[in-house]
Each structure stands twice: as C-alpha cells, then as structure tokens.
Amino acid sequence: VGMSAAFASTPGLGPRTTQYAPKPGHEHQCYELLWSAASPNGAPLQGSQAATFFQKSGLEISALRTVWSLATPTSSMSREQFFVALRLISMAQSSMPLSADGLAGA
C-alpha cells in the first residue's frame, strides 16, 4: 500500500478543527517557505504530494499517518492544515507525543 493511500484511508484521530499558528518571525517564515516548496501554486496538497514531502522528515509511516489524521480529516491539506502537520512532525522528531492537545503547549 502506498503511503498516500495509507494517509487517505486513515480515519481522523483528532478534532476536525485542529489548529496551530506558527510563532511570528523565524518559525512562520520557515513554514511559509516549506509551504511554497510543497505547493508552488498555493493549491491544497493532495495525499500523494504531502506523502512525498513529509517522507523527507525521516519519520516512520505510522507516525506520518497520525500526523495526517490530526492535521486534516480529508484527502487534501490546506495551508493551515499543512502548518499543523509541520508542527506535529517537529513534535514527533523531538520524541513528544502526537496529539491535538499537545499543540497548545508546543
């Protein structure tokens, strides 16, 4: 099973309104640059696009499935949902538990 199919078929684990706003300054600039790299035209990312991009994080596919499920309940990802996913990936890379509640303290 391809990773994009695994993303799309994973039921949402978190609330449909999981949100995270990057901190102003360096973090926000980095997130914007990453969004531009992942979606040059600014359109929502489809599962296969996101999967290819997020695999560069080095996380296990199971962790990336959890990230996807917490960031978006659909098969595509908006800019705001992408920012949520980036923060969750950062948390996972720091061995923090992945949860929507964890974003509040991130």
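Residues numbered from 1 in each chain as written. Predicted model: local features only at pLDDT ≥ 70, side-chain atom pairs only at ≥ 80, totals over all residues. Heavy atoms only, no water.

Novice: Give me the overall build of the protein chain: which residues, what numbers.
Specialist: In terms of helices and strands, the protein chain carries six helices and two strands. Within the protein chain, the fraction of its 106 residues that count as buried is 39%. Taking the intrachain contacts of the protein chain between residues at least 6 apart in sequence as the baseline, contacts between residues at least 24 apart amount to 62%. Accessible surface for the protein chain amounts to roughly 5700 Å². Of this, 54% is attributable to carbon and sulfur atoms. (Helix = DSSP H or I, 4+ residues; strand = E, 2+ residues; numbered from the N terminus. Buried < 20%, exposed > 50% of the residue type's maximum accessible area, 1.4 Å probe, protein only. Contact = heavy atoms within 4.5 Å. Areas by Shrake-Rupley, 256 points an atom, 1.4 Å probe, with all protein chains shown as cover.)

Novice: Provide a residue-level description of unusual backbone geometry, including the pertinent values.
Specialist: Backbone geometry at Ser95 places phi at a positive 60°, although glycine is not the residue there. Within the secondary structure layout, Ser95 lies in the loop between helix H5 (79-93) and helix H6 (100-104). By relative accessible area, which is 67% here, Ser95 ends up exposed.

Novice: How would you sum up the layout of surface pockets? Please name residues and give values.
Specialist: A volume near 180 Å³ is recorded for the largest pocket. Around the largest pocket, the lining residues are Cys30, Tyr31, Leu34, Phe53, Phe54, Lys56, Ser57, Leu86, Ile89, Ser90 and Gln93. Of all the elements in the fold, those that place two or more residues in the lining of the largest pocket are helix H2 (26-38), helix H3 (47-54) and H5. At four residues, the largest contribution of residues to the lining of the largest pocket is made by H5. (1 Å grid on protein atoms, 1.4 Å probe; cavity = no way out; pocket = protein on both sides within 12 Å on 5 of 7 lines; lining within 4 Å. Points joined across faces, edges and corners; volume = space filled by probe spheres on them.)

Novice: Which residues make up the pattern of salt bridges, and what values do they have?
Specialist: Any two side chains of opposite charge can pair, given that their charged atoms come close. All told, the structure shown has two salt bridges when counted by the stated rule. Close ionic contact of Glu32 with Arg79 constitutes a salt bridge, the shortest N to O distance being 2.2 Å. Residue Glu32 is found in helix H2, and its partner Arg79 is found in helix H5; the two are separated by 47 residues along the sequence. Taking the relative accessible area as the measure of exposure, Glu32 reaches 23% and is therefore partly exposed. Using a relative accessible area of 26% as the deciding quantity, one classes Arg79 as partly exposed. For Arg79, the salt bridge identified is with Glu80, shortest N-O distance 3.3 Å. With relative accessibility at 47%, the residue Glu80 sits in the partly exposed group. Each of Glu32, Arg79 and Glu80 takes part in one network of salt bridges that share partners. (Salt bridge = Lys/Arg side-chain N within 4 Å of Asp/Glu carboxyl O.)

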